[in-house]
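Tertiary structure, described
Residue-level listing of the chains:
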Amino acid sequence: MSSTERQLLSGDSAIALGALHGGVALGTGYPGTPSTEILEYLSHLGGRAQWSPNEKVALEVGIGVAYGGARSLVTMKHVGVNVAADPLFSVAHTGVVGALVLVSADDPGMASSQNEQDNRRYAVAAGVPMFEPADSQEAYDFTLAAIEASERWHIPVLLRVTTRVCHTQAPVRPLAQAWPKPTPRFERDLRGRNLIPANARPAHRRLRQKLAEMAAWSETTPLNHVVPGSRQLGIITSGIAYMHAREAAPEASFLKLGFTHPLPLKKIADFVRSVARCVVIEEGDPYLADAIRAAGLTVESKPEMFRFGELNVNRVRRILAHDESPEPARPPGKPPELCDGCSHHVVFQALKNLDCIVAGDIGCYALGVLPPYSAMDCCVCMGSSIGIGLGLRHVLPPAEARRVVSVIGDSTFVHSGMTGLAEMIYNPPPTGHVVVILDNSTTAMTGHQEHPGTGRTLDHAATGKVVYEDLGRALGIEQVLVFPLGKDSADFERLLKESLASEKLVLIVARRPCVLAAKNIREYEKMITTNGGCKSCSATQEGAAV
Amino acid sequence: MKQPVNIILAGLGGQGVIKASDILSEAAFRAGFEVKKSEIHGMSQRGGSVTSDVRFGPQVLSPMVPPGEADFLVVLAPDQVEVNRGQLRPGGWLIAPDLVDPAQLANRKSFNVALLGALSMHLEIPEAQWRAALRACLAPKLHAANEQAFEVGRRAVVAKEHNS
């Protein structure tokens, strides 16, 4: 296939292809819906991609790549940016030499997330420029534009996408020829990259200067353009909301914003004045509307009821018609559930039987909150089970404290459970504590990605392996138990009961591979023993053809 | 602007709803249409309700079929028919799971493709593009069973029209 032929690609795949054609040297990230497929596809195309233990580390590796003069792509879901926020805010101050593109995949409507945060706020808070594609072609084009802008202004760039951009397949016409890659090279810049206060103060001024230059660029870039139409109705919009709005009001004039931080406020003011009625159509928070109103311009924003959930064509029609009548509820579908034969059944049966107070975590096992078990008392964010469990143990009356168990999956444990164990050793509750790692040997919820505990890389080759029981012992946990889960919960229930009664600090590694992943895991292991785990030849050939 | 054809495929996680929508969008793309295909991944993979929206035509803007405006609703699981019926426009076509007898299929897992065969009788996508899409989206060892299933679905429509 010639590279100028159109391909049918998801937004995620289009970002990966854009990264490959844009000369990205390394993609890093942590799996999270709807971002996961980006790195998988980059690897499939023959690009270099790695899973990191969490988003913070992924971004830090990306910063190193960009400090080294190469181009870096870092991918995560919206809540992942919370984890990566610490390095993000500071790398905005230091700037970069190569390119650093951070993909934030937001999930309005929370199809697969624990909150509905709108990460456009991060662009403002951290002081980083932001691109918002509306379809797969723009996902490809804007990835390239983001790389270019990052290198031009030496600044990390946010590529903000949403579920319906990530997971919509649409045609993409790629570049005829990929860009050449820069040659990585270290240049010492002691004052630029060491954020001690004396250096950080001028760094902040440099950042604001870059953003001022980019605000001027925002006024002229074709990424922010007017689609002429009726003078009666003008719509200012960005991302997927543009597509819904074009369909809902084909007669309207549009100011379509693809570069949304810093905003082109002069261009926006001209547009607002050019139409009789101007409405801002955006999903999630009133980010655009607030900024435009703060600039002294009169625009309509959506009523609060449309802040929740995704927009669609009908909802945009309602916004334009000032229709705030209750929306018809869709009949409920069948909720997801733990798979037949899933090892989590055994654990949740035991937790239910013992009437445990369960501090849960993020993963398939969050389904333990649903009937028939209803055996999870909280699920907040990645790794939170251990700290929350300890907090409950510290304050509850002893009879209740003794029932508290922290339950965390293997990938989630590597992501951010290790510091929880350090806390447990350092500040042990009087009644002890029990942490159960549900080790199903994969990142199951997001579609079976590898992680540092599997001992295999993103493309399933052999690598170093974090062993939880060794880690627990090294940290000094009094009792570390490995329990191979069977089909029956009685033995596990006995072990759990004894552990709770011991009033010691106990780490139980409850182990059985995910029933959906087990067959593939056996094949990866077989490939590792036969040929050292190199990628299958067919995958490499397919990658070369794209 | 000519409106796109709106199709919703529905079923339960593991039934091949997404694979079917891959094949449909690939066939429409190969036939020269603008195409968008959109669905929610994630929690729904764990046996819950799954739907996928496919829109094709001379121009497609929103990737989601506006609620209540589907021209075709293809449902793989009997208990998902009523859940999704409200997505059909008045006069839209329902392709329900009882149209095809799974016993007629060389491989029951190809039920999704059998219903695509039924859908194909209603769409302006040449049969050659359907067959090319099947081959492009499925592993070679699955081609024979799925081509048979596709044919079973096409014949089911003819039989139903003949009997009615």
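Computed from a prediction, not measured in an experiment: that's the story for all the values here.

1. Describing the overall build of chain A
Each helix and strand in chain A was counted, giving 22 helices and 18 strands. A compact globule built from 546 residues would reach a C-alpha radius of gyration of about 24 Å, and chain A, at 25 Å, matches this within 12%. For chain A, the C-alpha atoms occupy an extent of roughly 75 × 60 × 55 Å along the three principal directions. The proportion of buried residues among the 546 residues of chain A is 53%.

2. Examining the overall build of chain B
Secondary structure summary: chain B contains 5 helices and 5 strands in total. Going from the N terminus to the C terminus, chain B shows its helices and strands as β-α-β-β-β-α-β-α-α-α. Computed over C-alpha atoms, the radius of gyration of chain B comes to 15 Å, within 12% of the 15 Å expected from 2.2 N^0.38 for 164 residues, which places it in the range of a compact globule. Overall size of chain B, expressed as C-alpha extent along the three principal axes, is 40 × 40 × 35 Å. Within chain B, buried positions represent 51% of all 164 residues. Long-range pairs, those at least 24 residues apart, make up 66% of the contacts in chain B with a sequence separation of at least 6.

3. With respect to the interface of chain A and chain B
Contact with chain A, which involves 30 residues of that partner, is made by 30 residues of chain B. Elements with a minimum of two residues in the side of chain A that touches chain B: helix 7 (163–166), strand 8 (168–172), helix 10 (240–248) and helix 13 (313–320) of chain A. Looking at the side of chain A that touches chain B residue by residue, the class counts come to 15 nonpolar, 10 polar and 5 charged. When strand 8 of chain A meets strand 2 (residues 34–39) of chain B, the two strands line up antiparallel, connected through 2 bridges. Bridge pairing links Q169(A) to K37(B) in strand 2 of chain B.

4. A word on the sheet that holds strand 4 (residues 71–77) of chain A
All names here are of chain A. Read across the sheet, 7 strands follow the order 3-2-4-5-7-6-12 without closing on themselves; strand pairing throughout is mixed. Strands with a single pairing partner mark the edges of an open sheet, and in this sheet they are strand 3 (49–51) and strand 12 (259–261). Summarising the sheet, strand 6 (residues 130–131) and strand 7 (residues 157–162) pair through 2 bridges and their orientation is parallel. Across the sheet, residue F131 finds its bridge partner in strand 7, namely L159. Packed onto the sheet, helix 1 (residues 11–21) meets strand 2 (24–29), strand 4, strand 5 (99–106) and strand 7 and runs at close to 145 degrees relative to strand 2.

5. Let's talk about the pairing of strand 3 (residues 49–57) of chain B
Residues and elements named next belong to chain B. Counting buried residues in strand 3 gives 8 out of 9 residues, a clear majority hidden from the surface. Pairing geometry for strand 2 and strand 3, over 6 bridges, is antiparallel. Its bridge partner being in strand 3, V35 is matched across the sheet by F56.

6. A look at the environment of V61(A)
Residue and element names in this part refer to chain A. Topologically, V61 is positioned in helix 3 (residues 55–67). For the pair V61 and T28, spaced 33 residues apart in the sequence, the C-alpha separation amounts to 7.4 Å. In this structure, V61 is in contact with T28 and S52, ignoring residues within four places of it in sequence.

7. Thoughts on the domain arrangement of chain A
Residue and element names in this part refer to chain A. Splitting chain A by domain gives domain 1 (7–220), domain 2 (224–320) and domain 3 (344–531). The centre of domain 1, based on its C-alpha atoms, is set 32 Å off from the matching centre of domain 3. Facing 15 residues of domain 1, the contacting portion of domain 3 comprises 17 residues. Elements with a minimum of two residues in the side of domain 1 that touches domain 3: helix 2 (37–44), strand 3 and helix 4 (78–94). Broken down by element, the residue count for the side of domain 1 that touches domain 3 peaks at 3 residues, all from strand 3. Classifying every residue of the side of domain 1 that touches domain 3 by side-chain character gives 8 nonpolar, 7 polar and no charged.

8. Examining the pairing of strand 7 of chain A
Remark: a regular strand shows side chains that alternate across the two faces of the sheet. All names here are of chain A. Counting buried residues along strand 7, 6 of its 6 residues qualify, which places the element largely inside the surrounding structure. Burial along strand 7 is two-sided: V157, L159 and V161 facing one way and L158, R160 and T162 facing the other are all buried. Strand direction decides the pairing type here: strand 5 and strand 7, joined by 6 bridges, are parallel. Bridged to D106 within strand 7 is T162. In this fold, the crossover linking strand 6 to strand 7 by way of helix 6 (residues 136–153) has right-handed handedness.

9. Here's the deal with the sheet that holds strand 11 (residues 252–257) of chain A
Sheet strands associate in pairs through backbone hydrogen bonding, adopting either a parallel or an antiparallel arrangement. All names here are of chain A. Pairing in this open sheet of 4 strands is mixed, and the strands run 9-11-10-13 from one edge to the other. Bordering the open sheet on either side are strand 9 (224–227) and strand 13 (277–281), each of which pairs with just one other strand. Across the sheet, the mean angle from the axis of one strand to that of its neighbour is 20 degrees, orientation sign disregarded. As defined by bridge partners, strand 10 (residues 230–238) adjoins strand 11 across 6 bridges and the pair is classed as parallel. Across the sheet, residue G234 finds its bridge partner in strand 11, namely S253. Taken strand by strand, helix 10 contacts strand 10, strand 11 and strand 13, and its axis lies near 155 degrees from that of strand 10.

Reading guide: rules and limits
- Residues numbered from 1 in each chain as written.
- Chains lettered and ligands numbered in written order.
- Predicted model: local features only at pLDDT ≥ 70, side-chain atom pairs only at ≥ 80, totals over all residues.
- Helix = DSSP H or I, 4+ residues; strand = E, 2+ residues; numbered from the N terminus.
- Rg over C-alpha atoms; globule rule 2.2 N^0.38 Å.
- Buried ≥ 20, exposed ≤ 12 C-beta atoms within 10 Å, placed from the backbone.
- Contact = placed C-beta atoms within 7 Å.
- Nonpolar A, V, L, I, M, F, W, Y, C, P; charged D, E, K, R; others polar.
- Pairing = 2+ DSSP bridges.
- Axes fitted to C-alpha atoms, helices over the stretch in contact; angles between N-to-C directions.
- Domains from an automatic or database assignment.
- Right-handed = clockwise from strand over helix to strand, strands pointing away.

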